[in-house]
Amino acid sequence: MQERLQKIISQAGIASRRAAEQLIAAGRVTVDGRVATLGEKADPAVQSIAVDGKPLPRAERHVYYLLHKPTGYISTARDERGRRTVLDLLPEVRERIYPVGRLDGDTSGLLLITNDGTLMNGLLHPRYEVSKTYVAQVAGQVTEQSLEQLRRGLQLEDGMTAPAKARLLGSRGGLSKVEVTIHEGRNRQVRRMFSAIGCDVRKLKRVRFAFLSLKDVAVGQHRPLTPKEVDRLYQLAGIVRQGDKE
Ligand code: URA
């Protein structure tokens, strides 16, 4: 992300913002080897910035991936019991990444992976209510009355759920397929919501997270987010990026 040079220099602890402006004005700051001018912006993750020829430490580049998680992988960065984790599915990524929230081991679907803690915390904050859509396959025939309970909100042991969107996609072979959209992220929430209406979830898949879908990403595969997608996520998470303020 591009930021004003004086801000980058002060955040690196080299000088106050004011003093950094003076360093730039005095021609003592370079960006990729070229003398910088006051008012210039740069991206410390990809450009080399130096003061008096001494490079600032390079910030770790932020990376963002959309993963199509298969079942059988847990959503933590490391597991003491040696179980497979979602990070095993991104072996080429060298940054210290972690999943944004969790999907159960037996849930498949869309999981964001990043090393951007600011964005992760924003997206997980209940205030911003990022929507998450799941398709559940449940045993038996689900009725409109029971779906209405999901829509109204129902009592779980950790409190009432917020109203959800729920619609029956179809029923076949003793299973009903239901699409549910929630804005919360409690532990095993969708399974517990179905359990509260007397339905047993046999399969659960997250098909959307905010505006993102699994389009063109096969099970077990991942793709980087585009800069536009990252910008939209920042907006949804209610975060003003430092480089955007000035
Ligand atoms: N709700 C669940 O019950 N499980 C998940 O993995 C995600 C949401």
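Only a predicted model underlies this, so the values are computations on that prediction, with no experimental measurement involved. (Residues numbered from 1 in each chain as written. Predicted model: local features only at pLDDT ≥ 70, side-chain atom pairs only at ≥ 80, totals over all residues. Heavy atoms only, no water.)

Now for the sheet that holds strand β2 (residues 29–31). Pairing in this open sheet of four strands is antiparallel, and the strands run β3-β2-β5-β6 from one edge to the other. Among the strands making up the open sheet, the edge pair consists of β3 (34–35) and β6 (54–55). Two elements, β2 and β3, share two bridges in a ladder whose sense is antiparallel. Looking across to β3, one finds that valine 31 is bridged to arginine 34. (Pairing = 2+ DSSP bridges. Helix = DSSP H or I, 4+ residues; strand = E, 2+ residues; numbered from the N terminus.)

The next point concerns the site of the ligand. Residues in contact with the ligand, as listed here, are Leu103, Asp104, Thr107, Tyr134, Arg188, Gln189, Val190, Arg191 and Leu204. Here an oxygen atom of the ligand and a backbone polar atom of glutamine 189 are 3.4 Å apart. Here a nitrogen atom of the ligand and a backbone polar atom of valine 190 are 3.1 Å apart. Taking 240 Å² as the accessible area of the ligand by itself, protein coverage stands at 96%. Per-element accounting of the shell around the ligand gives the leading share, three residues, to helix α5 (residues 189–196). Residue assignment places the shell around the ligand across two domains, with domain 2 (64–126 + 212–236) and domain 3 (131–209) each supplying three or more. (Near = heavy atom within 4 Å. Polar contact = N/O pair within 3.5 Å; in protein donor to acceptor, adjacent residues only side chain to side chain. Areas by Shrake-Rupley, 256 points an atom, 1.4 Å probe, with all protein chains shown as cover. Domains from an automatic or database assignment.)

Split into domains, the chain comes out as domain 1 (3–55), domain 2 (64–126 + 212–236) and domain 3 (131–209). In this structure, domain 1 and domain 3 have C-alpha centres spaced 53 Å apart.

With respect to the helices and strands, the residue arginine 186 is situated in the loop between β14 (175–182) and α5. At a separation of 3.2 Å, a polar atom in the side chain of arginine 186 contacts the main-chain carbonyl oxygen of glycine 159. Looking at arginine 186, its side chain comes within polar contact range of the main-chain oxygen of methionine 160, at 2.4 Å. Setting aside chain neighbours within four positions, we find arginine 186 in contact with Leu156, Asp158, Gly159, Met160, Thr161 and Arg192. (Contact = heavy atoms within 4.5 Å.)

For helix α6 (residues 227–236), the full list of buried residues reads Glu229, Val230, Leu233 and Tyr234. Seen from one end, α6 has its buried residues packed into an arc of 140°, which puts them on one side. Residues of α6 that are exposed and point over 90 degrees away from its buried face: Lys228 and Gln235. Of the surrounding secondary structure, the elements contacted by the buried residues of α6 are β7 (64–69), β9 (107–114), α3 (117–124), β16 (212–213) and β17 (222–224). Note on α6: the residue one or two positions beyond its end, glycine 238, has a positive phi of about 70°. (Buried < 20%, exposed > 50% of the residue type's maximum accessible area, 1.4 Å probe, protein only. Arc of directions from axis to C-beta.)

Right, let's get into the environment of glutamine 2. Checked against the element boundaries, glutamine 2 lands in the segment before β1 (3–4). Remark: the alpha-carbon pair of glutamine 2 and alanine 45, spanning 43 residues in sequence, is separated by 8.9 Å.

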